[in-house]
Amino acid sequence: MAEVIGVRFKTVGKIYYFDPEENQVSKGDHVIVETARGVECGEVAMPNHEVEEKDIVRPLKKVIRIADEKDMELVEKNKVKQKQAFDICMKKIADHKLDMKLVDVEYTFDNNKILFYFTADGRVDFRELVKDLASVFRTRIELRQIGVRDEAKMLGGIGICGKPFCCATFLGEFQPVSIKMAKEQGLSLNPTKISGTCGRLMCCLKYEQEAYEDLLRHTPKVGAYVSTKDGKGVVTEVNLLTGILKVNLDKNADVSRIYSKNEVRLIKDARIDVNKEEAKALKGLE
């Protein structure tokens, strides 16, 4: 076991483990730590606690100190400088006529580096832009291309559900979401119904997926061949949550009968797959 604290550097960012170095901290405190990007100020998301050795990557970076008033004043000054840097970079992008969208700017705590986050449809040759920015700010410059999900997380907004984006409020890391999940949950494969504001599949498709997978293990799927008290037939509709099935019997295929999943015996189950046409129509959502 090893004693660690969990620190995040963005409001809803990934949590990283650090060695507290005999410091006792509480959730919400700020600490100064050494990271791969340099010295940073982060917020304590998880106070002192012990974790299994297998859950950490050695060597652990150590906490330099608990942030004091001067440190927090520097953080606030950096936020002001970030806004100024954003405006300057926007002008430089326009001057160089680059097809890119600036999303955010971030100063490292020690001001040794400025990171510019942007989105673009393809690769962008920004070498001249970097030189131009370096001559203005006289420090290390890094331009980092991000995806539309990351853009939504940084900017925030309101989702189609009427609530703030999950990624910007509580999701520390993105979870993989697939078109097959939407199909297994019986959702319409209309892109406007299953995609978020970012244009990708909604993150919330993941939330209930385990429950649907469990239900699918115990419920015949559409296309399954089953035996009922009235004879054998093919399942044409399924309500996973209620366990109600609609079955077309072999002896009268034009008439559907309603059964509970407990009233039928599975002979041969079907598979839920995303066919080529569906995959083509929904290309780019995942």
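Going by the structure above, here's the rest.
The sections below set out a description of the structure shown in this document.

Parameters at a glance
- Residues numbered from 1 in each chain as written.
- Predicted model: local features only at pLDDT ≥ 70, side-chain atom pairs only at ≥ 80, totals over all residues.
- Heavy atoms only, no water.
- Pairing = 2+ DSSP bridges.
- Helix = DSSP H or I, 4+ residues; strand = E, 2+ residues; numbered from the N terminus.
- Axes fitted to C-alpha atoms, helices over the stretch in contact; angles between N-to-C directions.
- Contact = heavy atoms within 4.5 Å.
- Core = buried A, V, L, I, M, F, W, Y, C linked by side-chain atoms within 4.5 Å.
- Buried < 20%, exposed > 50% of the residue type's maximum accessible area, 1.4 Å probe, protein only.
- Parallel < 35°, antiparallel > 145°, perpendicular 65-115°, else oblique.
- Left-handed = near helix turned anticlockwise from the far one by under 90°.
- Nonpolar A, V, L, I, M, F, W, Y, C, P; charged D, E, K, R; others polar.

Let's talk about the sheet that holds strand β6 (residues 101-107)
If you trace the three strands from one edge of the open sheet to the other, you get β6-β7-β8, paired in mixed fashion. Only two strands of the sheet have a single neighbouring strand rather than two, namely β6 and β8 (140-145). On average, each strand axis in the sheet is inclined to that of its neighbour by 20 degrees, with strand direction left out of account. Sheet analysis places β6 next to strand β7 (residues 113-119), joined by six bridges and oriented antiparallel. Opposite tyrosine 107, over in β7, you have isoleucine 114 as the bridge partner. Helix-sheet contacts for helix α1 (residues 69-95) involve β6 and β7, and the interaxial angle to β6 is about 145 degrees.

Digging into the nonpolar core
Membership of the largest hydrophobic core comes to 16 residues, with the highest contact counts inside it found for Met100, Ile114, Phe116, Leu133, Phe137, Ile141 and Leu143. Elements supplying a minimum of two residues to this core: α1, β6, β7, α2 (127-137) and β8. Leaving out residues up to four positions away in the same chain, leucine 133 has contacts with Cys89, Lys92, Phe116, Arg138, Ile141 and Leu143. Counting nine residues, the second largest nonpolar core, distinct from the first, contains Ala182, Ile194, Leu282 and Leu285.

Concerning the packing of α1 against α2
Look at α1 against α2: their axes get within 10 Å of each other, and the N-to-C directions meet at 140 degrees. Taken as axis vectors, α1 and α2 run oblique relative to one another. Crossing of α1 against α2: the hand is right-handed. Residues Ala85, Ile88, Cys89, Lys92 and Ile93 of α1 form the contact with α2, whose own contacting residues are Leu129, Asp132, Leu133, Val136 and Phe137. Taken together, the residues that form the contact of α1 with α2 break down as eight nonpolar, no polar and two charged.

Some thoughts on the pairing of strand β11 (residues 244-249)
Burial of β11 is one-sided: the residues Leu245, Val247 and Leu249 facing one way are buried, the residues Ile244, Lys246 and Asn248 facing the other way are not. Alignment of strand β10 (residues 231-239) against β11, held across six bridges, turns out to be antiparallel. Looking at the pairing, glycine 233 lines up with leucine 249 of β11. Between the end of β10 and the start of β11, which pair antiparallel, lie four residues, with glycine 243 showing a positive phi angle near 75 degrees. Relative to strand β12 (residues 256-260), β11 runs antiparallel, the two being bridged by five bridges. The partner of asparagine 248 across the bridge, within β12, is serine 256. The hairpin turn running from β11 into β12, its antiparallel successor, is six residues long.

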